[in-house]
Amino acid sequence: MTLVSIKNELIKASLYGYAVPLFDVFEMQGIEGVMDALIEKRAPTIFGIYAPYAKLPNCRALSAYIRCRAEDTEMPVSIMLDHGESVAQCLQMLEYGFTDVMYDGSRLPLEENIANSRQVVEAAYRFGAGVEAELGQVGMGDDYESLGGRGYGFTDPQTVEIFVNETGVDFLAIAFGNAHGLYKRTPRLDLDLVREIRQRVKVPLVMHGGTGLSDEQFRGAIAAGISKVNFATSIMNSATENMRSAAADPTASMFSISEGIRTAYHQWCGQLYDIFGTSGKASVR
Ligand code: 13P
């Protein structure tokens, strides 16, 4: 199947109470590891290209590689810009054939976040692409200690309807105690906030910062209304560990070492599909 926007799969996930993951990938072995897992588990999947990597000259070629591999499977596969830094960058990735883009204006004043997100939505419409925006600020796990309570950075439920109506975004990333990277202490997710936002808007809700959450926390967040989960750091750390131990073998080769990336993605993605309820959910045409 050719690449598809993940819009329909996320609507389906929000109706039936499971989540579709986004896995950030950086090179070929990781892409192959995700492919191994998504074929095995028959799971719809989003390949994420993290914005700083989208600036590299090989980004267009990397996305073409994902497109070719998607054509080799009947599972729905999307390629999405993760944390798009500007309207221009989102436009550029749409030109490259990305099927979905995230524009991250979460650090801007609300009006500016709305205006920019809306511009991305208008541009994406021509491509049939889906658009995610972020309201509230999902911080870094390192900063988590300074967050606390329904405090700084958490999505204000009073603004979600205005934001979704005025921008027309397809998916909304929200902040409710989740954070990117490794957490310093056990994260506490405010699931009441997720439920409240779920009541207020119909668009599929997104949780960034999958690393460091327990299976139970994932299941709780999905039951409360999360339909997409972004995941990266744990897979990257496992890949690094695998490569370190492979390299310690004096007979190691370039192939045996780099295989560690593929294995890490394959194992992590397979497990996460089962936890998120994504396994077997691919709409096959
Ligand atoms: P983690 O690195 O915490 O898994 O989060 C990834 C992410 O949210 C990418 O957008």
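Above this text you will find the structure in question.
Values in this document were obtained by computation on a predicted structure and should not be read as measured data. (Residues numbered from 1 in each chain as written. Predicted model: local features only at pLDDT ≥ 70, side-chain atom pairs only at ≥ 80, totals over all residues. Heavy atoms only, no water.)

K.L.:
Is there a simple way to think about the overall build of the chain in this case?
P.N.:
Secondary structure summary: the chain contains 12 helices and 10 strands in total. Against the 2.2 N^0.38 benchmark of 19 Å for 285 residues, the chain shows a C-alpha radius of gyration of 18 Å, consistent with a compact globule. Dimensions of the chain, computed from C-alpha atoms along their principal axes, come out at roughly 60 × 45 × 35 Å. Taking all 285 residues of the chain together, 54% fall into the buried category. Considering only contacts in the chain between residues 6 or more positions apart, those separated by 24 or more positions represent 73%. Of the accessible surface of the chain, which amounts to about 12,300 Å², a share of 53% is contributed by carbon and sulfur atoms. The average position of the 25 basic charges and that of the 35 acidic charges among the side chains of the chain differ by 4 Å. (Helix = DSSP H or I, 4+ residues; strand = E, 2+ residues; numbered from the N terminus. Rg over C-alpha atoms; globule rule 2.2 N^0.38 Å. Buried < 20%, exposed > 50% of the residue type's maximum accessible area, 1.4 Å probe, protein only. Contact = heavy atoms within 4.5 Å. Areas by Shrake-Rupley, 256 points an atom, 1.4 Å probe, with all protein chains shown as cover. Lys, Arg positive; Asp, Glu negative; His and termini not counted. Charge placed at Lys NZ, Arg CZ, Asp CG, Glu CD.)

K.L.:
What is the right way to read the site of the ligand from this model?
P.N.:
The local shell around the ligand holds 13 residues, among which Asp82, Gly209, Thr211, Ala232 and Thr233 are the closest. Taking Gly181, its main chain carries an N or O atom lying 2.8 Å from an oxygen atom of the ligand. Asn230 is positioned with one of its side-chain polar atoms (N or O) 3.0 Å from an oxygen atom of the ligand. When the ligand sits alone it has 310 Å² of accessible area, and the protein chains cover 96% of it. Looking at the shell around the ligand, its residues break down into two nonpolar, nine polar and two charged. (Near = heavy atom within 4 Å. Polar contact = N/O pair within 3.5 Å; in protein donor to acceptor, adjacent residues only side chain to side chain. Nonpolar A, V, L, I, M, F, W, Y, C, P; charged D, E, K, R; others polar.)

K.L.:
Please clarify how the pairing of strand β4 (residues 100-103) should be interpreted in this entry.
P.N.:
It is a general feature of regular strands that their side chains alternate between the two faces of the sheet. The alternating pattern of β4 places Asp100 and Met102 on one face and Val101 and Tyr103 on the opposite face, and all of these are buried. Pairing of strand β3 (residues 77-84) with β4 involves three bridges; the strand directions are parallel. Counted as the bridge partner of Leu81 is Val101 from β4. The β-α-β motif built from β3, the intervening helix α5 (residues 87-95) and the parallel element β4 has right-handed crossover chirality. Relative to strand β5 (residues 130-135), β4 runs parallel, the two being bridged by four bridges. Across the sheet, Tyr103 pairs through a bridge with Ala133, a residue of β5. (Pairing = 2+ DSSP bridges. Right-handed = clockwise from strand over helix to strand, strands pointing away.)

K.L.:
Please explain the nonpolar core as it appears in this structure.
P.N.:
Core analysis: the largest hydrophobic core is formed by 75 residues, its most contacted members being Val34, Phe47, Ile49, Leu172, Met207, Phe218 and Ile226. The element contributing the most residues to this core is helix α12 (residues 254-276), with eight residues. With near-sequence residues (within four places) excluded, Ile226 lies in contact with Tyr18, Ala19, Ile174, Phe176, Val194, Leu205, Val206, Met207 and Ala221. Of all hydrophobic cores here, the second largest spans 12 residues; its members include Leu10, Met102, Phe171 and Ala173. (Core = buried A, V, L, I, M, F, W, Y, C linked by side-chain atoms within 4.5 Å.)

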